[in-house]
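# Secondary and tertiary structure notes
Listed below, chain by chain, are the residues.
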Amino acid sequence: MALITLIYVSSAVRPLTNSDIQDILRHSREANAKSDITGLLLFKGGNFMQVLEGDSELVDELHQKIINDSRHTGLITLIRSPIPKRSFSDWKMGFKNISQLTEEEKAAHSDYLDRPLNDTSYISNPNEAFILLQAFKNTVR
Ligand SMILES: Cc1cc2nc3c(=O)[nH]c(=O)nc-3n(C[C@H](O)[C@H](O)[C@H](O)COP(=O)(O)O)c2cc1C
């Protein structure tokens with residue numbers, strides 16, 4: 001099995017309700033468990049950032065479905081690369097709405113939080129997207 005990580009950013013086409021997000025998560029957690037895909041989805045100000053990890057063929061297949069999903073647009077793939085091991089192995093799809101952080105979390109992540117998730121700085125420095133995702137991994141459900 002060739003393990004890869006893939007990180008993208010995108011924008012919701014309309015304001016999402018809690019139930020819209022729950023629909024995405026319910027489907028994702030069930031499907032990802034079957035294909036052994038792990039990762040984390042961040043949402044802030046209408047934008048998504050997601051990391052997917054797993055077998056390259058399965059991740060590429062899911063990536064294609066996600067690209068074709070009409071609930072979001074403007075998808076930019078920041079990273080697709082082989083990895084020796086997973087960084088998000090405990091999450092079939094963790095989720096964090098980072099529009100709603102505690103004061104403590106805001107202070108800890110102040111370097112990143114003033115930028116939108118689809119900021120061009122992540123395109124020029126994709127590793128910063130990985131650092132942001134990593135920073136939230138222990139605070140997600
Ligand atoms: C922001 C976003 C993230 C998504 N993440 C996942 C995911 O991690 N796993 C998944 O199976 N579907 C995910 N989806 C849903 C897929 O785009 C697509 O609807 C689903 O894979 C279709 O599955 P099906 O072909 O089995 O019906 C996501 C959708 C959006 C909008």
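Here's a quick rundown of the structure. (Residues numbered from 1 in each chain as written. Predicted model: local features only at pLDDT ≥ 70, side-chain atom pairs only at ≥ 80, totals over all residues. Heavy atoms only, no water.)

## Focus: the packing of aromatic side chains
In this description, an aromatic ring pair is defined by two values, namely the gap between the centres and the angle between the planes. Worth spelling out the cut-off: Only Phe, Tyr and Trp rings are paired, with Trp represented by its six-membered ring, and only when their centres lie within 6.5 Å; those with planes under 30 degrees apart are stacked, over 60 edge-to-face, the remainder tilted. For the exposure calls, accessible area comes from a 1.4 Å probe over protein chains only, and a residue counts as buried if that area is under 20% of its type's maximum, exposed if over 50%, partly exposed in between.
What the rule picks out here adds up to 2 aromatic pairs. A centroid spacing of 5.0 Å and a plane angle of 45 degrees characterise the contact between phenylalanine 43 and phenylalanine 48, whose relative ring orientation is tilted. Of the residues examined, phenylalanine 43 reaches a relative accessible area of 9% and is grouped as buried. A relative accessible area of 4% places phenylalanine 48 in the buried class. Considering the side-chain rings of phenylalanine 88 and phenylalanine 130, the 6.4 Å spacing of their centres and the 90 degrees angle between planes classify their relative orientation as edge-to-face.

## What about the site of the ligand?
So the rule is basically this: We call a residue near a given molecule or strand whenever any one of its heavy atoms falls within 4 Å of it. Here a polar contact is recorded for every N or O atom pair within 3.5 Å, except that within protein the pair must consist of a potential hydrogen donor and a potential acceptor, and residues adjacent in sequence are included only if both atoms are side-chain atoms. Note that accessible areas follow from Shrake-Rupley with a 1.4 Å probe, and for residues the cover is restricted to the protein chains shown. Secondary structure elements are defined from DSSP: runs of H or I of at least 4 residues count as helices, runs of E of at least 2 residues count as strands, and each element is numbered from the N terminus.
Lining the immediate surroundings of the ligand are 16 residues, of which His27, Ser28, Asn32, Gln50 and Asp69 lie closest. In the environment of the ligand, an oxygen atom lies 3.1 Å from a nitrogen or oxygen atom belonging to the side chain of histidine 27. Within the side chain of serine 28, a nitrogen or oxygen atom sits 3.4 Å from a nitrogen atom of the ligand. Within the complex, 79% of the 630 Å² of free accessible area of the ligand lies under protein. Contributions of two or more residues to the shell around the ligand are made by α1 (18-35), β3 (47-55) and α2 (56-67). No other element matches the 5 residues that α1 contributes to the shell around the ligand.

## Quick look at the pairing of strand β5 (residues 94-97)
For clarity, the threshold we go by: The rule for pairing is simple: two strands pair if DSSP sees at least two bridges between them.
Both faces of β5 are covered, namely the face carrying Gly94 and Lys96 and the face carrying Phe95 and Asn97. Summarising the sheet, strand β2 (residues 38-44) and β5 pair through 4 bridges and their orientation is parallel. Its bridge partner lying in β5, leucine 41 is registered against phenylalanine 95.

## Brief notes about the side chain of asparagine 32
You can see asparagine 32 is positioned in helix α1. Within the structure, the side chain of asparagine 32 is placed 2.8 Å from the backbone oxygen of lysine 92, a separation counted as a polar contact.

Fair warning: the whole summary comes from geometry, so function is off the table for now.
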